[in-house]
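# Coordinates in review
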Amino acid sequence: MELARLLRERGIETAVYSIEAVDSAKSDLLINQSDLVGFGYPVYGSDLPQPMKDFIEDLSPIQSKPAFVYCTQWLWSGDGARTGASFLRPKGFKTFWGEHFLMPNNVTVSVIRLPYTNDRSKLETVLARAGTRLRRFAAKVVAGRPFRRGFDPVSYLLGCVQRVPFRRVYRRPVFFARCRKRALRRTIWPLSWKTSSPSPPATAW
Ligand SMILES: Cc1cc2nc3c(=O)[nH]c(=O)nc-3n(C[C@H](O)[C@H](O)[C@H](O)COP(=O)(O)O)c2cc1C
């Protein structure tokens, strides 16, 4: 939102959409109508969140569309923006700008006690730094001056240190979640199974 405001302020007509709010047909239409497309997401294990990967996968390929990619992160990702660009490249996007923005931690899982606060005065420093970086990023996009943080081989290798084990651990829940979604969509449950059978019927697909 803030980036959109900065781009508008500098004369670039900008609209922002949540990927949850647009289907693939609408996304394709919006992308075709735009000269430049930006993609933003929070980094999860130096990687894209699954909904963002699914969103990109569903896009129709296009001819050489300029793009910028940014990610938010708590501490460090190595190549969080480059990873997004690597998903976009096969779809025809050319990522000229990539940036990382450090944000306050919002992970509050009781087993992993990461430093968390909602105290605005304590968050100000982090947010002010992110604001400065955001303004510089917007200026580079408007000036057409390519800038890609974390697109070098060292950042890639550092990103892999987190991404490779994260994907390994994550693959199982994704697999089961997808199977469950499929099963729920495709299974026809006889209304009487609860009374006539002690267990649910086998899934048919
Ligand atoms: C599952 C998970 C994995 C995460 N992995 C990373 C990471 O690798 N590096 C990092 O700096 N932050 C990581 N974070 C923190 C998020 O990137 C951070 O909370 C988010 O970008 C904050 O932006 P938001 O306020 O827009 O959600 C992770 C958070 C979650 C929930």
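Residues numbered from 1 in each chain as written. Predicted model: local features only at pLDDT ≥ 70, side-chain atom pairs only at ≥ 80, totals over all residues.

### Overview of the site of the ligand
Keep this limit in mind: We count a residue as near a molecule or strand when its backbone-placed C-beta atom lies within 6 Å of that partner. Residues are sorted three ways: Asp, Glu, Lys and Arg are charged, Ala, Val, Leu, Ile, Met, Phe, Trp, Tyr, Cys and Pro are nonpolar, and all the rest, Gly among them, are polar.
Within the structure, the ligand sits among 16 residues, and Pro-42, Tyr-44, Thr-72, Gln-73 and Trp-74 are positioned closest to it. Residues belonging to the shell around the ligand are distributed by class as follows: eight nonpolar, eight polar and no charged.

### Here's the deal with the sheet that holds strand S4 (residues 147–148)
Spelled out, the test is: Strand pairing requires that DSSP identify at least two bridges connecting the strands. Counting from the N terminus, the helices are DSSP H or I runs at least four residues long and the strands are E runs at least two residues long. By the convention adopted here, residues make contact when the C-beta atoms placed from their backbones lie within 7 Å. Comment: axis = line fitted to C-alpha atoms, over the contacting stretch for helices; angle = value between 0 and 180 degrees taken between N-to-C directions.
A sheet is described by the order of its strands in space; here four strands give the open sequence S1-S2-S3-S4, paired in parallel fashion. In the strand order of this sheet, the two ends are held by strand S1 (37–42) and S4, each with one partner. When strand S2 (residues 65–73) meets strand S3 (residues 93–102), the two strands line up parallel, connected through nine bridges. Residue pairing for S3: Gln-73 is matched across the bridge by Leu-102. Its contacts with the sheet place helix H4 (residues 80–88) against S1, S2 and S3, and it is angled at close to 145° to S2. The strands that helix H5 (residues 120–143) touches are S2, S3 and S4; relative to S3, the one it contacts most, it runs at about 160°.

### Concerning the pairing of S3
This is how the line gets drawn: Exposure is read from a count of other C-beta atoms within 10 Å of each residue's own; the residue is exposed at 12 or fewer, buried at 20 or more and partly exposed in between. C-beta atoms are placed from the backbone. Seen with its strands pointing away from the viewer, a crossover is right-handed if its path from the first strand over the helix to the second goes clockwise.
Counting buried positions over the ten residues of S3 gives seven, a clear majority of the element. In this fold, S2 hands off to H4, which returns the chain to S3; that crossover is right-handed. Handedness of the crossover joining S3 and S4 through H5 is recorded here as left-handed.

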